[in-house]
Amino acid sequence: LAAVAIVGIVASDIALFGRSGRGSPWYLAAVGLLGLALVANAFGRTGSPLCDPDSVLQLHGAWHLLAASALGCYAVATGAVRARRSSALQSVGSS
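Below is a summary of the structure that appears in this document. Being a predicted model, the structure only gives us computed values, none of them experimental.

## Side note on the overall build of the protein chain
The helix and strand inventory of the protein chain stands at three helices and zero strands. The order of α-helices and β-strands along the protein chain, N terminus first, is α-α-α. Scored against the burial criterion, the 95 residues of the protein chain give a buried share of 18%. For the protein chain, contacts bridging at least 24 residues in sequence account for 66% of all contacts bridging at least 6. Approximately 6400 Å² of the protein chain is accessible, and the part contributed by carbon and sulfur atoms is 71%.

The structure is reproduced here in structure tokens:
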């Protein structure tokens, strides 16, 4: 389900904003962190060999931290483009 959401977000981003921001280090960091988050999610699921409910370090927790970090990097990478597009749309709507 997470992979479907990722594909949907990236596809809508390309459709709405083109390739702007996608080559930035922030965007690449977002993709890398999200990839690590998906690995942590896959290996931290209940019943997997690395799932240890009694451990202080939980892969499920790593999933949350990595996914949130990826979202933050994605927002930084695409925020300027979104702001420019939003202000352009508002100026067209107000004229």
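Structure shown, so let's carry the discussion forward.
## Notes on the side chain of Thr78
Looking at the element boundaries, Thr78 is found in helix H3 (residues 59-94). In this view, Thr78 contacts Asp13 and Tyr27; residues no more than four positions away in its chain are not counted.

## Some remarks on helix H2 (residues 25-43)
The end-to-end C-alpha distance of H2 is 27 Å, a good match for the 27 Å that 19 residues give at a rise of 1.5 Å each. Within the sequence span of H2, burial applies to Tyr27, Ala30, Ala37, Ala40 and Asn41. Each buried residue of H2 sits inside an arc of 140° when the element is viewed along its axis, so together they form one side. Facing away from the buried side of H2, by more than 90 degrees, are the exposed residues Pro25, Leu28 and Leu36.

## Notes on a nonpolar patch on the surface
Together, Val39, Phe43 and Leu50 give the surface a local cluster of nonpolar side chains, amounting to about 290 Å² of exposed area. Overall, Leu50 belongs to the exposed group, its relative accessible area being 54%.

## Brief notes about the environment of Gly44
Residue position: Gly44 is located in the loop between H2 and H3. Distance in space between the C-alpha atoms of Gly44 and His60 is 5.4 Å, their sequence separation being 16 residues. Those residues in contact with Gly44, other than ones at most four positions away along the chain, are Cys51 and Leu59.

## Side note on the packing of aromatic side chains
Throughout the structure, instances matching the rule amount to one aromatic pair. Ring geometry for Tyr27 against Tyr74: centres 6.1 Å apart, planes inclined by 45°, an arrangement best described as tilted. Of the two residues, Tyr27 sits in helix H2 while Tyr74 sits in helix H3, which places them 47 residues apart along the sequence. Among the residues examined, Tyr27 registers a relative accessible area of 6% and is labelled buried. The class for Tyr74 is buried, based on a relative accessible area of 13%.

## Side note on the layout of surface pockets
Of the pockets and cavities examined, the largest pocket occupies roughly 360 Å³. As for the largest pocket, its lining consists of 16 residues, and the residues nearest its centre are Ile6, Ile9, Leu34, Ala70 and Leu71. Counting only elements with at least two residues in the lining of the largest pocket, the list comes to helix H1 (2-17), H2 and H3. Ranked by residue count, the leading element in the lining of the largest pocket is H2, at six residues. Split into classes, the residues belonging to the lining of the largest pocket amount to 15 nonpolar, one polar and no charged.

Definitions and cut-offs
- Residues numbered from 1 in each chain as written.
- Predicted model: local features only at pLDDT ≥ 70, side-chain atom pairs only at ≥ 80, totals over all residues.
- Heavy atoms only, no water.
- Helix = DSSP H or I, 4+ residues; strand = E, 2+ residues; numbered from the N terminus.
- Buried < 20%, exposed > 50% of the residue type's maximum accessible area, 1.4 Å probe, protein only.
- Contact = heavy atoms within 4.5 Å.
- Areas by Shrake-Rupley, 256 points an atom, 1.4 Å probe, with all protein chains shown as cover.
- Expected span 1.5 Å × (residues − 1).
- Arc of directions from axis to C-beta.
- Patch = residues over 30% accessible without salt bridge, like charges linked within 9 Å, V, L, I, M, F, W, Y side chains within 5 Å.
- Salt bridge = Lys/Arg side-chain N within 4 Å of Asp/Glu carboxyl O.
- Phe/Tyr/Trp six-rings, centres within 6.5 Å; stacked < 30°, edge-to-face > 60°.
- 1 Å grid on protein atoms, 1.4 Å probe; cavity = no way out; pocket = protein on both sides within 12 Å on 5 of 7 lines; lining within 4 Å.
- Points joined across faces, edges and corners; volume = space filled by probe spheres on them.
- Nonpolar A, V, L, I, M, F, W, Y, C, P; charged D, E, K, R; others polar.

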